[in-house]
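A structural walkthrough
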Amino acid sequence: MSESRRIKTMCPMNCHPTFCGMEVEVQDDRVLSIRGDADNPDSHGFLCIRGQASREIVENPLRVLRPRMRDARRDDAWRDASWDAALDRIADAIRTAGPESVAVWLGHGIIVNTAARRLVPRFANLCGFQTWEPAIVCWGLGGFGMSLTGPVHVNTKEDMGAHSDLIILWGANLASQPNTAPHLVAAKRRGAHIVAIDVRRSEAFDQAHESHLIRPGTDAALALALMHVIIGEGLQDRAFVVNHTTGFSELGAHVAQHSPEWAERETGVPAAAIRALARRYAATKKSMILIGGSSMHKSANGWQAGRAITCLPALTGALGQPGAGLGPRHAAQSSGMGMGSLDGGERRPATRSGRPYMISEMSSILDDLDAGRIKVLLLFGTNMISSFADASRVGRALDRMDLVVSHDLFMQDTSRNHANVVLPATSWLEETGFKVTNTHLYLMDQMISARGETRSAIWVMDALAQRLGVEDVFPWKSTDDFLTAIFDHPAIGHVTPDMLRAQDGRQSLAVSHVAHPDLKFPTPSHKVEFFSERAAQLGLPTLPVYEPIAEDATRQPERAARYPLLFRQGRALTHFHAFYDQGRALPTLAKADPEPRLWINPTDAAARSLADGDAIRIFNDRGAMDARAQVTDRVPAGVVWMRDGWAGINTLTNGGRAVPDAAAKAFPGGQAAYEARVEVGSSGRG
């Protein structure tokens, strides 16, 4: 027996901006233990329950360890297959369908070490397949709205902890960003004032001096009212506005109609509280807003919220300053970040039909799936049924396809119910890759041999491309060469994997801790654009606006009468999206979070004769799911909340269009609306 080794790597979850370092003890090709890496400059030894549960992945008896195929979509039709047989079947189906009728979609499950994420667009482009951005299931709409205004980069969590005097957690949940929490606490100890805004009393409220419950989908209304006060009372930074923004006069005239009294009726936040917050924000130069990543932007109007909120730091001159501007959020980059460009987009062939490629916008994708445009679907690390809105519609479309392929660690809803071929994936310890935080690059070296007949997603894409006669999908001689090409960027210092191995597997990024330090923004004018001509060209309002969500009671009173509760979903520490079969495959997570629990206000529960812990049925005209009632005043009356990723949640959501085609093409992260109105009743279960 050899001596054990302790090796540093990163957690396999993809919960950016919280990426945690871990130290893995290995002996004789076996994992003995996993713990937080105390030397990791981002996480400092922290490792949440999700990371701790990852020790249950490698030898898990539920892992898919060999290819599986079936000819009929029945549970008893599965049979083991060789890799050659599975790949031949996929390649034959692709040839029959033609590349234009093939789609590749990746989920967070493939981004456990980032490397394969960088190959998917290249694979799709060179093969002439359809492909969509994974951002369409979480933060894409918010990122689009922010890009219209201009400030898209963020200050680091370290800068926030050291310099911020006012921190507004706007839909930002510390359970989703646990690595941010210590820096928030550090700022609080220095005397920083903490404000939390959310549709429920999240974990952030426990750290806040001031908190505001807001009606779902009304964030843009609150932002407009804050601007009404700032501009109406002359609290803006006049020099910054003159030198670094456009459209101020138009914005001022626009927000004049959005008084705090109007916003109180829309948001539920008292007008006096809106005025006080606006004045405090304008008076605090080192003020930082942390915008929520996923839950806020699952609204069809979430992009409008992102656009409006990012106007605020421009009005007060908070951009480009330490401790100010915008703070860490999911998928946001530090100024200067980047990687080598490998996607091969310039080599993407024209479609044989002459039709344009599908756009990366969820409702359009669903329309095209319904129309039978996709015959073969290749899924890498994604439970598509769990991820897409209007999941029942997605399921029907999958069942009409010639072939659905799932490459994953475990069986899950999509593979179990809709796939024809399941390919076994390597875990994060069985392949080499990397992760990048807002400040560091980390190498994730292979530590143990691949279990069973598992293969990496990179291997699968390369093998399929070779069968299809497509050259150069993976032209590199090794994974190290591939990573060297990815790292060929000034921010990463053009480092190589061997260089990283010589320096404890990490490299500080050559980036700014302060976002937009040169006060140049990625807009046509290179300024913050309150008034956007580009928005008009995309068929959108030229100024930030507020529109009630489609399922608001004022817009659909009859539907609101039938389904009176607004359903919202978000993050919790016990899960991440639908990883590991909604966490059911890992005993630690399954025990900590055994079944769906719906937060419901005591008033709403009493009206339905429900008690805490009762078995309930959540339903609307799209679908239904079973859960347990969690009766709590942490969610307001009229609103119910559940953590996302559970099977059945998205049978309830509506999947409606959020932005026009032109906008989705300009920023390929257009998700559909995840709004839902529901009713709740006793399920009769034990």
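As the structure is a prediction and not an experimental result, all values here were calculated from the model.

1. Digging into the layout of surface pockets
Considering only enclosed or pocket space, the largest pocket measures out at about 1,700 Å³ in volume. If you trace the largest pocket, you find 47 residues lining it, with Arg117, Arg118, Glu133, Trp139 and Gln333 closest to the centre. By residue number, the principal contributor to the lining of the largest pocket is helix α3 (residues 115–127), which donates 4 residues. Of the residues belonging to the lining of the largest pocket, the class tally is 23 nonpolar, 16 polar and 8 charged. One number sums up the size of the second largest pocket: a volume of about 660 Å³. Sorting the residues of the lining of the second largest pocket by element identifies α3, α15 (384–387), β15 (403–408), α18 (457–467) and α23 (579–582) as the ones contributing at least two each. Among the elements that line the lining of the second largest pocket, the one with the most residues is α18, at 4 residues. In the lining of the second largest pocket, the residues fall into 21 nonpolar, 20 polar and 6 charged.

2. Regarding the pairing of strand β8 (residues 166–170)
When a strand is regular, its side chains alternate between the sheet's two faces. Judged by how many residues are buried, β8 sits mostly within the fold: 5 of 5 residues are covered. Here β8 shows two buried faces, one formed by Leu166, Ile168 and Trp170 and the other by Ile167 and Leu169. Pairing geometry for β8 and strand β9 (residues 193–198), over 5 bridges, is parallel. Directly across from isoleucine 168, in β9, lies its bridge partner valine 195. Tracing the backbone out of β8, into helix α6 (residues 181–190) and back to the parallel element β9 gives a crossover that is right-handed. Of the pairings in the sheet, the one linking β8 to strand β12 (residues 287–291) comprises 5 bridges and is parallel in character.

3. Structural notes on the environment of aspartate 614
Tracing the sequence through the fold places aspartate 614 in the loop between α25 (602–607) and β23 (615–619). Given the relative accessible area of 28%, aspartate 614 is considered partly exposed. Other than its neighbours up to four places away in sequence, aspartate 614 contacts Ser609, Ala627, Arg628 and Ala629. Here the side chain of aspartate 614 touches alanine 611 through a polar contact of 2.8 Å, landing on its backbone nitrogen.

4. Brief notes about the sheet that holds strand β14 (residues 376–380)
Spatially, the 7 strands line up as an open sheet ordered β5-β4-β16-β15-β14-β6-β7, and their pairing is mixed. Two strands lie at the open edges of the sheet, namely β5 (79–80) and β7 (130–132), each paired on one side alone. The pairing of β15 with strand β16 (residues 421–424) spans 4 bridges and is classified as parallel. Residue pairing across strands places valine 405 opposite valine 421, the latter belonging to β16. Running at roughly 155° to β14, α18 makes contact with β14, β15 and β16 of the sheet.

5. Examining the sheet that holds strand β13 (residues 325–326)
An order of β10-β9-β8-β12-β13 is seen for the 5 strands of this open sheet, with the pairing classed as parallel. Strand pairing shows two members of the sheet lacking a second neighbour, β10 (210–213) and β13, which therefore form its edges.

6. Focus on the packing of helix α7 (residues 219–232) against helix α10 (residues 260–267)
In the contact formed by α7 and α10, the axes pass within 9 Å of each other and the chain directions differ by 165°. As judged from the angle between their axes, α7 and α10 are roughly antiparallel. Relative to α10, the crossing made by α7 is left-handed. Mapping the contact onto sequence places Ala221, Leu222, Ala225, His228 and Val229 in α7 and Pro260, Trp262, Ala263, Glu266 and Thr267 in α10.

7. A short note on the side chain of glutamate 23
Among the structural elements, glutamate 23 can be located in strand β2 (residues 21–27). Here arginine 35 takes part through its side chain, which lies 2.7 Å from a polar atom of the side chain of glutamate 23. Once you skip the residues sitting within four places of it in the chain, glutamate 23 turns out to touch Arg6, Ile7, Lys8, Ser33, Ile34, Arg35, Gly36 and Asp37.

8. Here we look at the pattern of salt bridges
For the structure on display, the rule yields 51 salt bridges. Salt-bridge contacts for aspartate 480 lead to arginine 501; the nearest nitrogen and oxygen are separated by 2.9 Å. Taken together, the positions of aspartate 480 in helix α19 (residues 479–486) and arginine 501 in helix α20 (residues 497–501) put the pair 21 residues apart, joining distant regions of the chain. Given a relative accessible area of 22%, aspartate 480 falls into the partly exposed group. Where arginine 568 meets glutamate 675, a salt bridge forms, and the shortest distance between an N and an O atom there is 3.9 Å. Placement of arginine 568 in strand β21 (residues 565–570) and of glutamate 675 in the loop between α26 (661–666) and β26 (676–682) is noted, with a sequence separation of 107 residues between them. Overall, the relative accessible area of 9% leaves arginine 568 in the buried class. Three or more residues are tied together by salt bridges with common partners; here these are Arg6, Lys8, Glu23, Glu25, Arg35, Asp37, Asp39 and Arg506.

9. Quick word on the side chain of threonine 437
Considering the arrangement of structural elements, one finds threonine 437 in the loop between β17 (433–436) and β18 (440–444). Threonine 437 sits in the buried class, given a relative accessible area of 2%. Here aspartate 42 takes part through its side chain, which lies 2.9 Å from a polar atom of the side chain of threonine 437. Contact partners of threonine 437, with chain neighbours within four places excluded, come to Phe19, Asp42, Met337, Tyr442 and Leu509.

10. Some remarks on the pairing of strand β22 (residues 597–600)
Direction of pairing for β22 relative to strand β24 (residues 624–631): parallel, over a ladder of 4 bridges. When the sheet's bridge partners are listed, arginine 597 is paired in β24 with arginine 628. The sheet contact formed by β22 and strand β25 (residues 639–643) spans 2 bridges and is antiparallel. Its bridge partner lying in β25, tryptophan 599 is registered against tryptophan 641.

11. A closer look at α10
All buried positions along α10 are accounted for by Pro260, Trp262, Ala263 and Thr267. In a view along the axis of α10, the buried residues occupy a sector of 150°, so they form one face of it. Residues of α10 that are buried in the fold lie against β10, α7 and α11 (271–283). Two residues or fewer after α10 comes glycine 268, characterised by a positive phi angle close to 85°.

12. Considerations on the packing of aromatic side chains
Evaluation of the coordinates by the stated rule reveals 12 aromatic pairs. Between phenylalanine 410 and tyrosine 580, the aromatic rings sit 6.1 Å apart at their centres with planes inclined by 90°, giving edge-to-face as the arrangement. Taken together, the positions of phenylalanine 410 in the loop between β15 and α17 (413–418) and tyrosine 580 in helix α23 put the pair 170 residues apart, joining distant regions of the chain. Like phenylalanine 410, the residue tyrosine 580 is buried in the burial classification. Geometrically, the ring pair formed by phenylalanine 579 and tyrosine 580 is edge-to-face, given 5.4 Å between the ring centres and 80° between the ring planes. Relative accessible area serves as the criterion here: at 7%, tyrosine 580 is assigned to the buried category. Through successive ring pairs, a cluster of aromatic residues spans Phe410, Phe579 and Tyr580. A cation sits over an aromatic face here: arginine 200 above tryptophan 641, 3.7 Å from the ring centre.

Calculation rules
Residues numbered from 1 in each chain as written. Predicted model: local features only at pLDDT ≥ 70, side-chain atom pairs only at ≥ 80, totals over all residues. Heavy atoms only, no water. 1 Å grid on protein atoms, 1.4 Å probe; cavity = no way out; pocket = protein on both sides within 12 Å on 5 of 7 lines; lining within 4 Å. Points joined across faces, edges and corners; volume = space filled by probe spheres on them. Helix = DSSP H or I, 4+ residues; strand = E, 2+ residues; numbered from the N terminus. Nonpolar A, V, L, I, M, F, W, Y, C, P; charged D, E, K, R; others polar. Buried < 20%, exposed > 50% of the residue type's maximum accessible area, 1.4 Å probe, protein only. Pairing = 2+ DSSP bridges. Right-handed = clockwise from strand over helix to strand, strands pointing away. Contact = heavy atoms within 4.5 Å. Polar contact = N/O pair within 3.5 Å; in protein donor to acceptor, adjacent residues only side chain to side chain. Axes fitted to C-alpha atoms, helices over the stretch in contact; angles between N-to-C directions. Parallel < 35°, antiparallel > 145°, perpendicular 65-115°, else oblique. Left-handed = near helix turned anticlockwise from the far one by under 90°. Salt bridge = Lys/Arg side-chain N within 4 Å of Asp/Glu carboxyl O. Arc of directions from axis to C-beta. Phe/Tyr/Trp six-rings, centres within 6.5 Å; stacked < 30°, edge-to-face > 60°. Lys NZ or Arg CZ within 6 Å of the ring centre and 35° of its normal.

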